[in-house]
Amino acid sequence: MSRIVIIGGHGKVALLLAELLAARGDEVISLIRDPAQAADVSATGATPLGLSVEEATETELAAALKGADAVVWSAGAGGKGGPARTDAVDRRAAIRSMEAARAAEASRYIMISWIGSHGGEPLAADHPLHAYAQAKLAADRHLQTTGLDWTIVGPGTLTLQEPTGRIDVGRLEAGASGPTSRANVAAVVAAALTEPATIGRVIPFRDGDTPIEQALADVPAELADLS
């Protein structure tokens, strides 16, 4: 049994992930911003813990992560509050959580990012998700410098389709959407937590043909280059 802390515990992927982890016997702590979300988290088998990662200090985050075997970042501004809040959550709070994980000696850290997180400017300046793309890329790059046992998973366009348990790993050409079931994302994170070969790997993926366990066992090392 592992103790796993999910940051952003009320998101759709996070709830699916918590259920998978709890079902296999892991102890799951899900950080939530709103106490009203606690019942949904508890229903998955996870333990809710109220803490706003946007407002929490590094010290407060470290206290919440103390004793964790792994941390999963599944939080995000969700496009609410404009570019300033996107940067506050998707970049600054994410980086604080990484430093908090180091302070708490929670060395395993999985970032849920997105498939396009690489390059100089993943999305054009006039794209509505430009601020999100820049914030996620900055957070991903920082994670690579922390010394944590990190993995960055980058799903394509999220859907509510049923899980297939099969994915294709690799980046997409500009303009491609790469539909990716949220349930498959949860399954990828759950599998990555027990697959040492994913440490130090960036895993861009979408729904596809390869069984998840097989895909994660042989992720090309060159994908970790986010330049």
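In this text the structure is predicted, and so the values were computed from the model without any measurement.

Cut-off values and rules
Residues numbered from 1 in each chain as written. Predicted model: local features only at pLDDT ≥ 70, side-chain atom pairs only at ≥ 80, totals over all residues. Heavy atoms only, no water. 1 Å grid on protein atoms, 1.4 Å probe; cavity = no way out; pocket = protein on both sides within 12 Å on 5 of 7 lines; lining within 4 Å. Points joined across faces, edges and corners; volume = space filled by probe spheres on them. Helix = DSSP H or I, 4+ residues; strand = E, 2+ residues; numbered from the N terminus. Buried < 20%, exposed > 50% of the residue type's maximum accessible area, 1.4 Å probe, protein only. Pairing = 2+ DSSP bridges. Right-handed = clockwise from strand over helix to strand, strands pointing away. Expected span 1.5 Å × (residues − 1). Bend = angle between axes of the 7 residues up to and from the residue. Contact = heavy atoms within 4.5 Å. Axes fitted to C-alpha atoms, helices over the stretch in contact; angles between N-to-C directions. Salt bridge = Lys/Arg side-chain N within 4 Å of Asp/Glu carboxyl O.

**Observations regarding empty space enclosed by the protein**
Working step 1: Per the stated rule, a full pass over the model turns up 1 cavity of 30 Å³ or more.
Working step 2: In this model, the largest cavity occupies a volume close to 60 Å³.
Working step 3: S113, W114, I115, S117, H118, D140, I152, G154, R171, V202, P204 and L226 together form the lining of the largest cavity.
Working step 4: Every element with two or more residues in the lining of the largest cavity is listed here: strand 6 (149-155) and strand 10 (201-207).

**Examining the pairing of strand 4 (residues 70-73)**
Working step 1: Residues A70 and V72 of strand 4 are buried on one face, and the alternating residues V71 and W73, pointing to the opposite face, are buried as well.
Working step 2: The pairing of strand 4 with strand 5 (residues 108-112) spans 4 bridges and is classified as parallel. Bridge pairing links V72 to I110 in strand 5.
Working step 3: As a crossover connection, the stretch from strand 4 through helix 4 (residues 82-103) into strand 5 is right-handed.

**Some thoughts on helix 4**
Working step 1: Over its 22 residues, helix 4 runs 31 Å from end to end, which matches the ideal 32 Å to within 8%, given 1.5 Å per residue.
Working step 2: Residue A88 marks the point of greatest curvature in helix 4, where the axis turns by about 30°.
Working step 3: By the burial criterion, the buried members of helix 4 are T86, A88, V89, D90, A93, A94, I95, S97, M98, E99, A100 and A101.
Working step 4: Looking at the buried side of helix 4, the elements it contacts are strand 1 (3-7), helix 3 (58-65), strand 4, strand 5 and helix 5 (130-143).
Working step 5: Just past helix 4, the residue E105 takes up positive phi, approximately 60°.

**A few points about the sheet that holds strand 4**
Working step 1: If you trace the 9 strands from one edge of the open sheet to the other, you get 3-2-1-4-5-6-10-8-11, paired in mixed fashion. Each having just a single partner strand, strand 3 (47-50) and strand 11 (210-211) make up the two edges of the open sheet.
Working step 2: Contacts between helix 5 and the sheet are confined to strand 4, strand 5 and strand 6, with strand 5 contributing the most and set at about 160° to the helix.
Working step 3: Along the sheet, helix 6 (residues 182-192) contacts strand 4, strand 5, strand 6, strand 8 (166-169) and strand 10; its crossing angle with strand 5, the most-contacted strand, is approximately 165°.

**Thoughts on the pattern of salt bridges**
Working step 1: This model, assessed by the stated rule, comprises 6 salt bridges.
Working step 2: As a salt-bridge pair, R3 and E27 come within 2.6 Å of each other at their nearest N and O atoms. Of this pair, R3 sits in strand 1 while E27 sits in strand 2 (residues 27-32), and the two are 24 residues apart along the sequence.
Working step 3: On the basis of relative accessibility, which here comes to 24%, the residue R3 falls in the partly exposed class.
Working step 4: Between D26 and R24 there is a salt bridge, with the nearest N and O atoms lying 2.7 Å from each other.
Working step 5: Residue D26 is classed as buried on the basis of its relative accessible area, which comes to 11%.
Working step 6: Classification of R24 as partly exposed rests on a relative accessible area of 39%.
Working step 7: Bridged by salt links that share partners, the residues D87, R91 and R92 form one connected network.

Nothing here speaks to function; it is geometry throughout.
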